[in-house]
Amino acid sequence: MPETERKFDLVVLGGGSGGYACALRASQLGLSVALVEEDKVGGTCLHRGCIPTKALLHAGEVADAVRHSAAYGINSTLDSVDLAGVNSYKDDVVRRLYKGLQGLIKSRGITVVEGRGTLVSPDTVEVQGTPYQGNHVVLASGSYTKSLPDLAIDGERVLSSWEAMQLEQLPRHAIVLGGGVIGVEFASAWRSLGAEVTIIEALPRLVASEDAACSKALERAFRKRGIGVLANTSFRSVEKTEAGVRVSVTSGDTYDGDLLLVAVGRGPNTADLGYEAQAIEMDRGFVVTNNRLEASVPGVHAVGDIVAGMQLAHRGFQHGIFVAEDIAGLRPTPINEDGIPRVTYSDPEVASVGLSDERARQRHGDDAVESVTYDLGGNGKSQILRTQGFVKVVRHRDGPVLGIHLAGARVGELIGEAQLIYNWEAFPEDVASLVHMHPTQTEALGEAHLALAGKPLHAHS
Ligand code: NAI
């Protein structure tokens, strides 16, 4: 490519959710874009995270449906789980989406540069010795699996989520270190597929960033499913045994399993990429940005997991779109991170948007906050699905909804409505006057808002 053609309006370093969304939106707005990717466009989410794990979880749901079919009057027996078959279903989903994404990127006229990019000046990314210059540079290099000091991931018995999703044989007993999102999702999928699972979590509860009620419901459901939950338990060491691993915790107890999944968080992938050398301000590995996602060096922006906050693919998409529009001069409104919905796709699911009860009370004061919990026991569709759980809505006493928290099968799909309620700053009274289709689980959202508006329907007052 001649030098004149290596000048772009925008050079994006990293083709994951944040980077490719930025490239797509920028090209739509008429900007010329180079997208630098050393592996595959789609990044962690498409190839190693969101998509393949949700396919694993769905395969687990199918296994559970067969296993428990007699409860619905359908007699069947689960013969076996063919993990090779599960993997080929999962890989096929990823392959199709990858193909679609590649086609989309090509159709938008984006120049994809394959190779590892390094920031060599504030406006230039170098890939294998070739410079690509941009009027703006967007850093979107994503995240990596963290571990603990003295805990080496060997990929065989001590695994990251990447190796865990490629297993050729189902573990008999998996030990999961970390009861955050990744730990909980793998524990759920493996249990559904037939493994024994024990979760070790240092904090007092699973998915500790969620409302305490959601953690409690999840933990209760997990125990019922036979998943061992060791909360308030810190990891000390792991040794390899003939059969697998022996994990010691700080109390001195040990747990034997055939593998250990390390799920203690993900770190920003920002080392050795030239960021610090270009004097970009960093904080514990994250790129420091203002609320317009501009880094400390003019012309440089950052999106996704390298910006401190929730590490979620859809946050990355939103960051990417925001930066593209800002560069194009559309002056979009800065993103309210509290309004980004969260879903943990375990069985049962946990989903939320806005503030937890606790955070709402910290921010607005105890007297100003009110909440209602509507039990899915009163919701027809949830009873048909035989799921337990709730919708919890937190409101400002004289104002809008401050947070919505859900637990139960399929509630992840309800967060679409919940996020509109939160982000449009609706009052419960506004939602109470809207009609929810019967019988659906969305009715439970409607019921919780009716109750908060002082007119509960299917609820004991
Ligand atoms: P996480 O931060 O959600 O959870 C890590 C857990 O490990 C924490 O609960 C922590 O207390 C625990 N832990 C840390 N050190 C420990 C120790 N020494 N002993 C016992 N427990 C210890 O991180 P996770 O689950 O690895 O996920 C990484 C990122 O990926 C998250 O930011 C998450 O948002 C994202 N992700 C999102 C998904 C979704 O939205 N459904 C799915 C999977 C990942």
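Residues numbered from 1 in each chain as written. Predicted model: local features only at pLDDT ≥ 70, side-chain atom pairs only at ≥ 80, totals over all residues.

**A closer look at the overall build of the chain**
Here comes step 1: Looking only at helices and strands, one finds 13 helices and 24 strands in the chain.
Here comes step 2: A compact globule built from 461 residues should have a C-alpha radius of gyration of about 23 Å, and the chain, at 23 Å, falls within 12% of that.
Here comes step 3: Expressed as lengths along the three principal axes of its C-alpha atoms, the size of the chain is roughly 70 × 60 × 45 Å.
Here comes step 4: Per-residue burial over the chain gives 46% buried out of 461 residues. (Helix = DSSP H or I, 4+ residues; strand = E, 2+ residues; numbered from the N terminus. Rg over C-alpha atoms; globule rule 2.2 N^0.38 Å. Buried ≥ 20, exposed ≤ 12 C-beta atoms within 10 Å, placed from the backbone.)

**Some remarks on the site of the ligand**
Here comes step 1: Around the ligand lies a shell of 26 residues, among which Gly178, Gly180, Ile182, Ala202 and Gln311 are the nearest.
Here comes step 2: For the shell around the ligand, the secondary structure elements donating two or more residues are helix H6 (181-193) and strand S20 (342-344).
Here comes step 3: With four residues, H6 is the single largest residue contributor to the shell around the ligand.
Here comes step 4: Of the residues contributing to the shell around the ligand, the split by class is 15 nonpolar, eight polar and three charged. (Near = placed C-beta within 6 Å. Nonpolar A, V, L, I, M, F, W, Y, C, P; charged D, E, K, R; others polar.)

**Here we look at the sheet that holds strand S12 (residues 235-240)**
Strand-to-strand pairing in sheets goes through backbone hydrogen bonds, with the strands running parallel or antiparallel.
Here comes step 1: Read across the sheet, three strands follow the order S12-S13-S14 without closing on themselves; strand pairing throughout is antiparallel. In this open sheet, the two strands that pair with only one neighbour each are S12 and strand S14 (254-257). Between one strand and the next, the sheet's axes are offset by a mean angle of 20 degrees, whatever the strand orientation. (Pairing = 2+ DSSP bridges. Axes fitted to C-alpha atoms, helices over the stretch in contact; angles between N-to-C directions.)

**Things to note about the environment of Ala212**
Here comes step 1: When you line up the elements, Ala212 lands in helix H7 (residues 212-224).
Here comes step 2: The partly exposed category is assigned to Ala212, around which 14 C-beta atoms lie within 10 Å.
Here comes step 3: For the pair Ala212 and Val411, spaced 199 residues apart in the sequence, the C-alpha separation amounts to 17 Å.
Here comes step 4: Dropping the residues within four chain positions of it, Ala212 is found in contact with Arg205 and Glu358. (Contact = placed C-beta atoms within 7 Å.)

**Quick look at the packing of helix H3 (residues 50-67) against helix H4 (residues 83-107)**
Here comes step 1: Look at H3 against H4: their axes get within 9 Å of each other, and the N-to-C directions meet at 140 degrees. Relative to H4, the element H3 lies oblique. Like other packed secondary-structure pairs, H3 and H4 cross with a definite hand, here right-handed. Within the contact between the two elements, H3 uses Ile51, Pro52, Ala55, Leu56 and Ala59 and H4 uses Val86, Tyr89, Lys90, Val93, Val94 and Leu97.
Here comes step 2: Its residues assigned to classes, the contact of H3 with H4 comprises ten nonpolar, no polar and one charged. (Parallel < 35°, antiparallel > 145°, perpendicular 65-115°, else oblique. Left-handed = near helix turned anticlockwise from the far one by under 90°.)

**Considering the nonpolar core**
Here comes step 1: Of all hydrophobic cores here, the largest spans 77 residues; its most connected members are Val176, Leu218, Leu260 and Leu261.
Here comes step 2: With residues near it in sequence (within four places) discarded, Leu218 still touches Val184, Leu206, Val207, Ser346, Pro348, Val350 and Ala407.
Here comes step 3: Ranked by size, the runner-up nonpolar core spans 49 residues in total, among them Leu35, Val138, Val323 and Ile327. (Core = buried A, V, L, I, M, F, W, Y, C linked by C-beta atoms within 7 Å.)

**Some thoughts on the domain arrangement of the chain**
Here comes step 1: Partitioning the chain into structural domains gives domain 1 (3-144 + 268-337), domain 2 (158-264) and domain 3 (348-452).
Here comes step 2: Between the C-alpha centres of domain 2 and domain 3 the distance comes to 29 Å.
Here comes step 3: Across the boundary between the two partners, domain 2 contributes nine residues, which contact twelve residues of domain 3.
Here comes step 4: The class makeup of the residues in the side of domain 2 that touches domain 3 is seven nonpolar, no polar and two charged. (Domains from an automatic or database assignment.)

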